[in-house]
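# Examining the three-dimensional arrangement
Single-letter residue listing:
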Amino acid sequence: MTVEKYGDEYIIDIVNNPVDEEDEDNKRFLQDVSKWVGHPIVEAKNTEIGHTSAVKVWEDRRYMSGIKGAPCTVLLKKSARHEYECLVDIDYHVLGFTLEEKHRHDRFVKFERDNVISVLIDAGITKPMCFDIIREAGIELPMSYKLGFPNANCYGCVKATSPTYWNHVRKMKPVIFQQRAEQSRRLGVRLVRYKGKRIFLDELPKNAKGAKMKSYECGIFCDTN
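Sequence order sets the numbering: in each chain, residues are counted from 1 along the sequence as written. The predicted nature of this model means local features are confined to residues of pLDDT at least 70 and side-chain atom pairs, given and counted, to a pLDDT of 80 or more, with totals for whole chains, interfaces and linings taken over all residues. The basis for the side-chain values is all heavy atoms of the structure; hydrogens and waters are excluded.

Now for helix H2 (residues 25–37). Helix length check: H2, at 13 residues, gives a terminal C-alpha distance of 19 Å against a target of 18 Å (1.5 Å per residue), a fit within 8%. Within H2 the residues assigned to the buried category are Asp25, Asn26, Phe29, Val33 and Ser34. Residues are treated as being in contact if the distance between any of their heavy atoms lies within 4.5 Å. A helix here means a DSSP run of H or I that spans at least four residues, while a strand means a run of E at least two residues long, and both kinds are numbered starting from the N terminus. The secondary structure elements touched by the buried residues of H2 are strand E2 (41–43), helix H7 (127–136) and helix H8 (143–146). One or two residues past the end of H2 sits Gly38, with phi positive at roughly 65°. Here the expected length of a helix is defined as 1.5 Å per residue gap, with one fewer gap than residues. Burial classes: relative accessible area under 20% of the type maximum marks a residue as buried, over 50% as exposed, and values in between as partly exposed (1.4 Å probe, protein chains only).

Written out as structure tokens, the structure reads:
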């Protein structure tokens, strides 16, 4: 929609932050979308740290998630975006926030950048409507959605605290669950909240359930709250 509406008047950069822990199918999806819109998608990376691995960020920082947010968000997304912004002359930002995410858009405008064009929100488009548009274009959604996850971010997102989410990770991606459990135990991070108390992943009962899984969006304009 942005390319169609503003492509003749502006130079448009479509930007992606690659993260190693995302599903490999995200690369297929990125290529399909690039072909569909007839526009290249460039990568923005944090060259200071020299890698795109969330696991390595947690290990290097000895910190996974807490009151300061998640360092993977700051280093792989936010800092990478800031670095890219220093390389190009940006007139406007266009974010992927949908109608039900207007509160996130408003927070970004208030605390980050005020030169934002809210293409999807202004058109009244919700996330399910985005799915329909993608399907109508003949593009398969990312594998993460087929596996029942609420978004296509990293599996085992350390910003999530729901027992429902973590037991879904355990069921669908058991190796990743074990990796997160081992690393979080070793670093002393209690990632999951169960019965009002923070516990380690390896303490989570397999039948534990919490609220319905929430969407932990983590795009190029990801917030850390």
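Further remarks concern the packing of helix H9 (residues 163–172) against helix H10 (residues 174–187). Two elements in contact, H9 and H10, have axes whose closest approach is 5 Å; the angle formed by their N-to-C orientations is 125°. Judged by the angle between their axes, H9 and H10 are oblique. In contact with Trp166, Val169, Arg170, Lys171 and Met172 of H9, H10 contributes Pro174, Ile176, Phe177 and Arg180. Residue composition of the contact of H9 with H10, grouped by class: 6 nonpolar, no polar and 3 charged. The convention used is that axes are lines fitted to C-alpha atoms, helices contributing only their stretch in contact, and that angles between N-to-C directions extend from 0 to 180 degrees. Throughout this description, any angle smaller than 35 degrees is read as roughly parallel, any larger than 145 degrees as roughly antiparallel, any in the 65 to 115 degree range as roughly perpendicular, and the remainder as oblique. Each residue gets one of three labels, nonpolar for Ala, Val, Leu, Ile, Met, Phe, Trp, Tyr, Cys and Pro, charged for Asp, Glu, Lys and Arg, and polar for the others, Gly among them.

Further remarks concern the packing of aromatic side chains. Each aromatic pair joins two rings of Phe, Tyr and Trp (for Trp, the six-membered one) with centres within 6.5 Å, and gets the label stacked for planes under 30 degrees apart, edge-to-face for over 60, and tilted for any other angle. Evaluation of the coordinates by the stated rule reveals 7 aromatic pairs. Taking 6.3 Å as the distance between ring centres and 70° as the angle between the ring planes, the aromatic pair formed by Tyr6 and Tyr10 counts as edge-to-face. Tyr10 sits in the partly exposed class, given a relative accessible area of 29%. With a centroid separation of 5.8 Å and 90° between ring planes, the pair formed by Tyr10 and Tyr92 is classed as edge-to-face. In this pair, Tyr10 sits in the loop between helix H1 (2–6) and strand E1 (14–16) while Tyr92 sits in the loop between helix H4 (71–85) and strand E3 (93–94), placing the two residues 82 residues apart along the sequence. Residue Tyr92 is classed as partly exposed on the basis of its relative accessible area, which comes to 45%. An aromatic cluster is present here, built from Phe149, Tyr155, Tyr165, Trp166 and Phe177 joined pairwise through their rings.

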